[in-house]
Amino acid sequence: SGGEFVPNPRHGSKATAKLEAAQQALARFPRVRRDERTANHQRAVQRVADLHRRVRRQRLDHAHKTALDLVREHDVIAHEDLKIRNMVKAPKPKPDPDQPGSFLPNGAAAKAGLNHSISDAGWGVFLTILHAKAESAGREVVTVDPRNTSRTCPECGHVSAENRPTQEKFHCQSCGHQAHADTVGALNVLRAGLVHRDANPA
Ligand SMILES: [Zn+2]
């Protein structure tokens, strides 16, 4: 068994870039009733719908292929529990000082939260496929509590938010261990998964 990175299902395809361009083109048409759309406007609507379908199909194909590869190559697969992750990483609303008890719309954080929910929807689909394939192949998939997986030093066990100076970098404030933050996260998830499996033999 071993660790494995799964590419983010949101990123990468040409169809995704085309969809974004088509959505921008569609947004330039005035908002009118369906029967008042010009022929060009109708074509722009149709193009967005077609590209949506294509992107969905590509993601599904990619998810099936990636899940199959993982199940073939590994006896144990560990991943973060998305439900807990969403609770931990939901953006905090900002209190409005002029109106106690109300909240300001929190632009950047709200957008980060939205982007998260989009990528988590992709992950949700992927994990459903992965669990189904693993079950039929007799492989084990372990769900891990994501808290501290990104800030625990895999060398000495020191836990600190300061171990993670940037999104990409891990630098242990206790022992000086340095690595890519994704590598550290994956290693911690796998270790937690193996501990969980040993504590709960099938
Ligand atoms: Zn350390």
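Here the structure is a predicted model, which is why all the values come from computation and not from measurement.

### Regarding the overall build of the protein
Secondary structure assignment for the protein yields 5 helices and 6 strands. Element order for the protein, N to C, with α for helix and β for strand: α-α-β-α-β-β-α-β-β-β-α. Burial statistics for the protein: of 202 residues in total, 27% are counted as buried. Considering only contacts in the protein between residues 6 or more positions apart, those separated by 24 or more positions represent 60%. Only carbon and sulfur atoms are counted for the fraction: they give 52% of the accessible area of the protein, which is about 13600 Å².

### A short note on the nonpolar core
Ranked by internal contacts, the top residues of the largest apolar core, which has 13 residues, are Phe126, Leu127 and Leu130. At the level of elements, α2 (39-73) and α4 (107-137) are the ones that each hand at least two residues to this core. Looking at this core element by element, the count peaks at 6 residues for α4. Those residues in contact with Leu130, other than ones at most four positions away along the chain, are Ala67, Leu70, Val71, Ile77 and Val141. By size, the runner-up hydrophobic cluster in this structure holds 6 residues, among which are Leu19, Ala22, Leu51 and Val55.

### Concerning the packing of aromatic side chains
This model, assessed by the stated rule, comprises 1 aromatic pair. A centroid spacing of 5.5 Å and a plane angle of 85 degrees characterise the contact between Trp123 and Phe126, whose relative ring orientation is edge-to-face. Here Trp123 and its partner Phe126 are both found in helix α4, 3 residues apart, which amounts to about one turn of the helix.

### Side note on the coordination of the zinc ion
Protein coordination at the zinc ion comes from Cys153 (SG), Cys156 (SG), Cys172 (SG) and Cys175 (SG), with a distance range of 2.3 Å. Of note, the zinc ion draws all its donor residues from one chain, in the sequence arrangement C-x2-C-x15-C-x2-C. Of the residues examined, Cys172 reaches a relative accessible area of 2% and is grouped as buried.

### Things to note about the environment of Leu51
Here Leu51 lies in helix α2. Since its relative accessible area comes to 1%, Leu51 is described here as buried. Note: C-alpha distance between Leu51 and Thr16 (35 residues apart in sequence) is 7.9 Å. Residues within four places of Leu51 in sequence aside, it is in contact with Ala15, Lys18, Leu19 and Ala22.

### Thoughts on the environment of Glu162
Locating Glu162 in the fold gives a position in the loop between β4 (140-144) and β5 (169-171). Note: C-alpha distance between Glu162 and Arg151 (11 residues apart in sequence) is 7.7 Å. Excluding anything up to four places from it in sequence, Glu162 contacts His171 and Gln173.

### Digging into helix α5 (residues 181-199)
Along its 19 residues, α5 runs 27 Å from first to last C-alpha, staying within 8% of the 27 Å computed at 1.5 Å per residue. Those residues of α5 hidden inside the fold are in contact with β1 (76-80), β4, β5 and β6 (178-180).

### Some words on the pattern of salt bridges
On inspection of all chains with the given rule, the structure shows 7 salt bridges. The salt bridge involving Arg33 is made with Glu36; its shortest N-O contact spans 4.0 Å. Overall, the relative accessible area of 53% leaves Arg33 in the exposed class. What emerges from the salt-bridge pattern is a single network uniting Arg33, Asp35 and Glu36.

### Examining unusual backbone geometry
We note that Asn148 has phi near 75 degrees; this positive angle belongs to a residue other than glycine. Look at Asn148 and you get partly exposed, because its relative accessible area is 30%.

### Considering the confidence of the model for the protein
The pLDDT averaged across the protein works out to 80; a share of 75% of its residues lies at or above 70. Within the model, the stretch residues 99-115 combines pLDDT values under 50 with 17 contacts to residues more than four positions away or in other chains.

Basis of the calculations
- Residues numbered from 1 in each chain as written.
- Predicted model: local features only at pLDDT ≥ 70, side-chain atom pairs only at ≥ 80, totals over all residues.
- Heavy atoms only, no water.
- Helix = DSSP H or I, 4+ residues; strand = E, 2+ residues; numbered from the N terminus.
- Buried < 20%, exposed > 50% of the residue type's maximum accessible area, 1.4 Å probe, protein only.
- Contact = heavy atoms within 4.5 Å.
- Areas by Shrake-Rupley, 256 points an atom, 1.4 Å probe, with all protein chains shown as cover.
- Core = buried A, V, L, I, M, F, W, Y, C linked by side-chain atoms within 4.5 Å.
- Phe/Tyr/Trp six-rings, centres within 6.5 Å; stacked < 30°, edge-to-face > 60°.
- Donors = N, O, S within 2.8 Å, 3.2 Å for Na, K, Ca; no water.
- Expected span 1.5 Å × (residues − 1).
- Salt bridge = Lys/Arg side-chain N within 4 Å of Asp/Glu carboxyl O.
- pLDDT = per-residue confidence, 0-100.

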